[in-house]
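# Geometric and topological summary
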Amino acid sequence: MYLPIQFKSNDLADAVELMRKHSFATLICNDDDGQPFVSYLPLHLDLRRRDDQPLPVLLGHVARANPHWKYLANRGTALVSFLGPHAYMSPTVYTDTMRVPSWNYVSVQCQVQVRLLTERAEMEQMLAKLIEDNEPAYLAQWRSLGDEYQARMMGMIVGFELEVTGLQCKLKLNQHRPESHAALRRAYADGGEAQRELVGWMDRLKM
């Protein structure tokens, strides 16, 4: 993605925070005609270690009727995009009237290596992690439904593991225009949930 240096974060903690809080992701790879194919889906982020370095791994699934899993298997690689809070920025944050509107946002883009989950135990672990992320209280109900029902439900989906091989984190908050920060903070603090969350990111960047 287009990533000017002033908006680039090299801190993995920033990316992890964003991917976990805004886990409903966009998964993209090419179909058999070479055209981009997109699925929107929740993903669980595991932080593993390799050679004593953190290794982000994403877990998720699509419906078996969705051909995306076949494209993933055939290509072996894909792109995952996470979009966090975003909001309009009025030019009124400047005292100089020779300004134009813009849009602020935080995002993460991951290049991934794909592995389909083929073992029942792996599928169970993946589903348990997604349930824990989104509705922990449901886990006991899911486990009470019986092996036959669980097997039938799991047969209707295809799970996968996406090992992150490249990651870009973009925090576009007008960092390079400090003269706008006080007015921008006030405007966002009085705004909706997304604007207030962006104020938190401004705090994180000590703007």
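Below is a summary of the structure that appears in this document.

What counts, and where the lines are drawn
Residues numbered from 1 in each chain as written. Predicted model: local features only at pLDDT ≥ 70, side-chain atom pairs only at ≥ 80, totals over all residues. Heavy atoms only, no water. Pairing = 2+ DSSP bridges. Helix = DSSP H or I, 4+ residues; strand = E, 2+ residues; numbered from the N terminus. Buried < 20%, exposed > 50% of the residue type's maximum accessible area, 1.4 Å probe, protein only. Arc of directions from axis to C-beta. Contact = heavy atoms within 4.5 Å. Expected span 1.5 Å × (residues − 1). Axes fitted to C-alpha atoms, helices over the stretch in contact; angles between N-to-C directions. Parallel < 35°, antiparallel > 145°, perpendicular 65-115°, else oblique. Left-handed = near helix turned anticlockwise from the far one by under 90°. Nonpolar A, V, L, I, M, F, W, Y, C, P; charged D, E, K, R; others polar.

## Considering the pairing of strand β3 (residues 36–42)
Across a regular strand the side chains alternate sides, sitting on one face of the sheet and then on the other. Pairing between strand β2 (residues 24–30) and β3: seven bridges, direction antiparallel. The residue of β3 that forms the bridge with Cys29 is Phe37. Turn length for the β2-β3 hairpin, with the two strands adjacent in sequence and antiparallel, is five residues, and the turn residue Gly34 shows positive phi of about 80 degrees.

## Considering the pairing of strand β4 (residues 44–50)
Note: β4 against strand β5 (residues 53–63), seven bridges, orientation antiparallel. The residue of β5 that forms the bridge with Arg48 is Leu55. Counting the residues between successive antiparallel strands, the hairpin from β4 to β5 contains two residues, one of them, Asp51, with a positive phi of roughly 50 degrees.

## Let's talk about helix α6 (residues 181–189)
Within the span of α6, buried status applies to His181, Leu184 and Tyr188. Taken end-on, α6 shows its buried residues confined to a sector of 65 degrees, consistent with a single buried face. Tucked into the core, α6 has its buried residues touching β6 (77–89), β7 (102–116) and α7 (193–204).

## Quick word on the environment of Ile131
Here Ile131 lies in helix α3 (residues 120–134). Spatially, the C-alpha atom of Ile131 lies 9.4 Å from that of His44, the residues being 87 residues apart in sequence. Excluding residues within four positions of it along the chain, Ile131 makes contact with Pro136, Tyr138, Leu139 and Trp142.

## Some points on α3
End to end, α3 covers 21 Å across 15 residues, agreeing with the expected 21 Å (1.5 Å per residue, within 8%). Where α3 is concerned, the buried positions are Met123, Met126, Leu127, Ala128, Leu130 and Ile131.

## What to know about the packing of helix α1 (residues 12–21) against α7
Taken N-terminus to C-terminus, the directions of α1 and α7 make an angle of 165 degrees; their axes are 13 Å apart at the nearest point. It follows that α1 is roughly antiparallel to α7 by the angle criterion. The crossing of α1 and α7 is right-handed. Where α1 approaches α7, its residues Ala13, Asp14, Glu17, Leu18 and Lys21 are matched on the opposing element by Glu197, Trp201 and Arg204. Grouping the amino acids of the contact of α1 with α7 by side-chain chemistry returns three nonpolar, no polar and five charged.

As far as function goes, none of this settles anything; it's purely spatial.
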